[in-house]
Structures are given as C-alpha cells and as structure tokens.
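Listed below are the residues making up each chain.
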Amino acid sequence: MTTFDGILEEVGGFGRFQKRIFALLCVCSLPFAGVYVGIVFQGFTPDHWCRDPAVVERGQVCGWSLADTRRLTVPRVNSSGTAQLSSCEQYEVDWNSSARTCDAQELDLSTALTVPCKHGWDYDYEGRRSFVTEFDLVCSDGWLVDMYQAMLNVGFLFGSLAIGYLADRLGRKMTFLMSNLFNGIAGILVALAPSYVSLLVFRALYGFGVKGGWMVGYVLVTELVGVEFRRTVGILYQMFFSIGLLILPPLAYFIAEWRWLQVVITAPYILMLSYYWFIPESPRWLLSQKKTSKAVKITEDMAKENKMTLSKNIETLTGDTADSDSTSASFLDLIRTPKMRKHTLILSYNWFTSAVVYQGLVMRLGIMGGNVYIDFLISGLVEFPAAFLILFTIERIGRRLPFATANIVAGASCFITAFIPDSMFWAKTVVACIGRLGITMTFEMVVFVNTELYPTFVRNLGVSVCSTLCDVGGIIAPFLLYRLAVIWLELPLIIFGSLAFLAGGLVLLLPETRGMKIHTHTHTVLMFSST
C-alpha cells in the first residue's frame, strides 16, 4: 500500500503545483485583515460636540464664526488635568426668550446649567465618514462601537466550529467556495445595512463565513504539501495577513466612505469564486472518503505539473490512519491527567491573551490621535520580522523559550509605552511597535505549539477547544480597550501588559517540543486561529 506522504516524496513536497495553489490561497488572507481590524477606519470616532440649532440660528443672525458657535454651545470639562471642550454636554440656554447681545465675546455662560446633548452631534469629519458618525455612536452610546467588533468575533466563534465540520463532511474545496459565496453576500449586506441593529446582525454573519474560508484555505494548502514544508507554509500563509494590513491604510485613505470601503474589502471574496476552476480538492480528504480514483487523478496532475515521474503503484494509494481513533476523543481527555490539564489551561490562556492583546493594540491606533494611516502602516510593517524570527529560532532554540520571550517582550512593551510621555513621540512609537512584534509572534506560535503538545488522538479536539478562547478574547478586547481608555488612555496597556506577562510565565511551565517525534495529522492545525 502506498501512502500519500510517500507519493509526495516522488512528485515533490512543494513543487510548482503546490506553489501555484499556495499563491492563490494566500489571497484569502488579504481581505481577512481588513475584516478583522477594519474598525480602525470604518469605526473611526472624530472630534464631536453637541449640536444646538438655536445657537446656530442665532449665530447666522449675528454672523458668529464656527468657533464662536461651538464655544457658546459646549462647556469646558476637566480631562486628564486639562480643560477641554466637552463632547457630550451642552449649555442649557433659552436663546429665543433671552435678550442676548450679538457680541460673542461679551457672552458669559460660565454659570449656565449643562445638560447632555439634546439635538445630536456635529463632527469634524476630516473628509471621512464612519458608521460612528452615521449612527451617532458616541457618548452614552459609545459602547455600541465595541459591539461592532464583538459581534464579528461571535461570528468567528460559531463559524470556526460549523465550517470546520463542513470541511470534513463536504470537502475542503466545496466548503471554501461556499464560505466565499457567503462572505460576498454578507459583506455587501454590511455595506447596505439601513440601521445599526441590522449592521450588527450582518457583521456577525460576515464573521461566521470569513474566518471559516480563511481556515479552510489553510487546511487545503497544508494538505497538499510535504510534511517538512507544512510549518513554513502555515507561517507564511499567516504573513499574508500582515500584507493585508499594509494594503488597508491606503485603501481607507482614498475611500473615505465606510460603506464603499466595506465593498472593496468584500470584493476579493467574490473574485475567489473563480477558484472553482483553479484549485483542486484535497487528495488526503478524498482518500479519507474512499474516493481513491479522484485522489489518484489529482496526484497525477500534480506530478505532471511538477515535471516528476511516478514510480510507485499509485493505484494502491491510501490515506493516513493515525487519526482513526480521534473520533472517540472527548473533552474529558483534555483534562483527565494533571499534565493534560496543565497543557489545556496554559494553551487556552495563551489563545485568549494573544487575541486580546493583538486586537487591542491594533484598535488602539484609532484612538491615539495623530495620523492614523501612517501609524497603522508603521505598526503593520513590524509584523513581518515575526515570521522570520519564528522560522529562524524554533529549530535552533526550540519552541518554549521564543514563545515565552515574545509574550514577556509584548507585556514589557505595553507597560513601558503606558508611562512614556506623549512628548517623546518616537520613543513611544518604537516601544509600542516592539510590543506589536512580540504579540504577533505569540499569535503565530501558539498554533503549532498547541498541535505538538497533544497526542494524535486528541490533537484536533485540543486545538479546537483551546482556540475557542481566542474568539472569547476577541469579544472582550474592544470593551477592555474603549471603556478603559475613557478612564485613562493608557489603562488598557496596563491590562494588556499584565495578561502578556502572565502568559509568558505560564509558557515556561510547558515542555519543550523541539525534536519530539510526533505524527503530523492530515486535518487542520490552524482551524481556529485568527491571524
């Protein structure tokens, strides 16, 4: 009997055929970046203040400037030790019944009562329109911006489970195409949402399909390459997410309307429906379904494109059987022994921390002030060294030490950034970028460390259970960031730093897996990761 891994040794573990499929499927990571962190631009909250039609009307009669109108509408409040114009309160003055002079400088409203905004808000758009300004999601309704991102992660959570199941039942190719069709429809519905409630519903549906399509793309490409190439291919596949991050700022700069930006982010999913003619089904999945003749045909096409000759008896091709007992695994197997409990708890916490800190640091760029496009671009660039540092260190140093170090560096950077004064802008930016690099490394490393620490019969279950904490972290992250930043802008960094420090310390309690002989299964190893 000839196994598929044995055949790959002849046809090439990463030949022209696999490189072509890899290049096509990596495209899936590009729009995923826009979906995941597009809130930085689509949910941008500009400077805003209460709208008072009576003051505007009076100003038109008296010829007041915009600055005068705003000063006579908005009281000053103490914010971080400095007096600033309020975003959520206005003076309560009866401009119609009171005899007022037109000399704006003589008007003293310091003793006037203040009340919450009654007539909505005016915004300093700076040429951009976000769903925040369209639906007035500011002040007491500011938490609804958090819900926009949280609902995406709710979709991720359920979509990962459902689409992972469909990929095993219907096949990788068909599930990939179905998810892209679903993404295209849901993404356009987000762009057309007439109300904020419908926007949340469509956003959750969008998350349900987007992560699933990205996940199945990873599964398909890793099942087509040789064992020795899987880890490298997986890390590079994730690196294309970082390329998507670099594409997003210029797109957002030139597309000022959030709905049109949503359409552009969604368009690649519609274009990827053409992959029906360009990508094959996974031969490994076909073999697992006893569809040997189709698997043989794809394998022969692979050999032909790779310009290799098959000498083994391909008609006796069989799948791997090492995962045959995995269907009998249960959650209890993950906590049955002290060692398994320790691994499960530490890995689950690291999935949670990676999602909270990574997502929090990215979204924080939208509330820092300054040029959000340049800041986002710089922070995206620092993600690229993460993949190369992982590839360089994991076989030389091992997994545990780089994994723990990346967490600790991320945590330390968060703490240091929080206490660097704003006047030291470049120092603050450099340290924050180092933190972004560290948490990117941890997000990419938790994937394969998770797969290596579990025995074969519970490996798929272990990854799926532990990584659900990733989506739980994604749900919590926006609330941690935006609500704590209202108290103190740097407070979220203190929380992120504490989470990452603890994660790094816990990783040191895990065993080293470098050099351990483990079976590399044919199912997903990145079924439920987010970046």
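Per an unreviewed UniProt entry, the recorded name for the protein chain is Solute carrier family 22 member 3, and the organism is Mastacembelus armatus.

*Asks:* When you look at a nonpolar patch on the surface in this model, what are you seeing that I'm missing?
*Replies:* On the surface, a nonpolar cluster with roughly 330 Å² of combined accessible area is contributed by Phe-182, Val-197, Val-201 and Leu-205. The greatest single-element share of the nonpolar patch, amounting to 3 residues, is contributed by helix α10 (residues 196-224). For Val-201, the location among the structural elements is in helix α10. Note on Val-201: relative accessible area 44%, which makes it partly exposed.

*Asks:* Explain the nonpolar core to me, please; I cannot follow it from the model alone.
*Replies:* Grouped burial of nonpolar side chains is what soluble globular proteins tend to show. If you look at the biggest cluster of nonpolar residues, it comprises 129 residues, and the most contacted ones within it are Leu-25, Phe-41, Phe-131, Phe-176, Tyr-196, Leu-199 and Phe-376. Beyond its immediate sequence surroundings of up to four residues, Tyr-196 is in contact with Phe-131, Phe-135, Leu-137, Leu-144, Val-145, Met-147 and Tyr-148. Within the second largest apolar cluster, 7 residues are counted, among which are Val-55, Leu-72, Tyr-91 and Leu-109.

*Asks:* Please explain the pattern of salt bridges as it appears in this structure.
*Replies:* Opposite charge on two side chains lets them pair, provided their charged atoms get close. Summed over all chains, the structure comprises 16 salt bridges. Where Arg-51 meets Asp-122, a salt bridge forms, and the shortest distance between an N and an O atom there is 3.1 Å. Here Arg-51, found in the loop between β2 (48-50) and α5 (53-62), pairs with Asp-122, found in strand β7 (residues 121-123); they are 71 residues apart in sequence, far enough to count as distant. Judged by its relative accessible area of 26%, Asp-122 falls in the partly exposed class. Note that Arg-172 is salt-bridged to Glu-223, the shortest N-O span being 2.8 Å.

The rules behind the values
Residues numbered from 1 in each chain as written. Predicted model: local features only at pLDDT ≥ 70, side-chain atom pairs only at ≥ 80, totals over all residues. Heavy atoms only, no water. Patch = residues over 30% accessible without salt bridge, like charges linked within 9 Å, V, L, I, M, F, W, Y side chains within 5 Å. Areas by Shrake-Rupley, 256 points an atom, 1.4 Å probe, with all protein chains shown as cover. Salt bridge = Lys/Arg side-chain N within 4 Å of Asp/Glu carboxyl O. Helix = DSSP H or I, 4+ residues; strand = E, 2+ residues; numbered from the N terminus. Buried < 20%, exposed > 50% of the residue type's maximum accessible area, 1.4 Å probe, protein only. Core = buried A, V, L, I, M, F, W, Y, C linked by side-chain atoms within 4.5 Å. Contact = heavy atoms within 4.5 Å.

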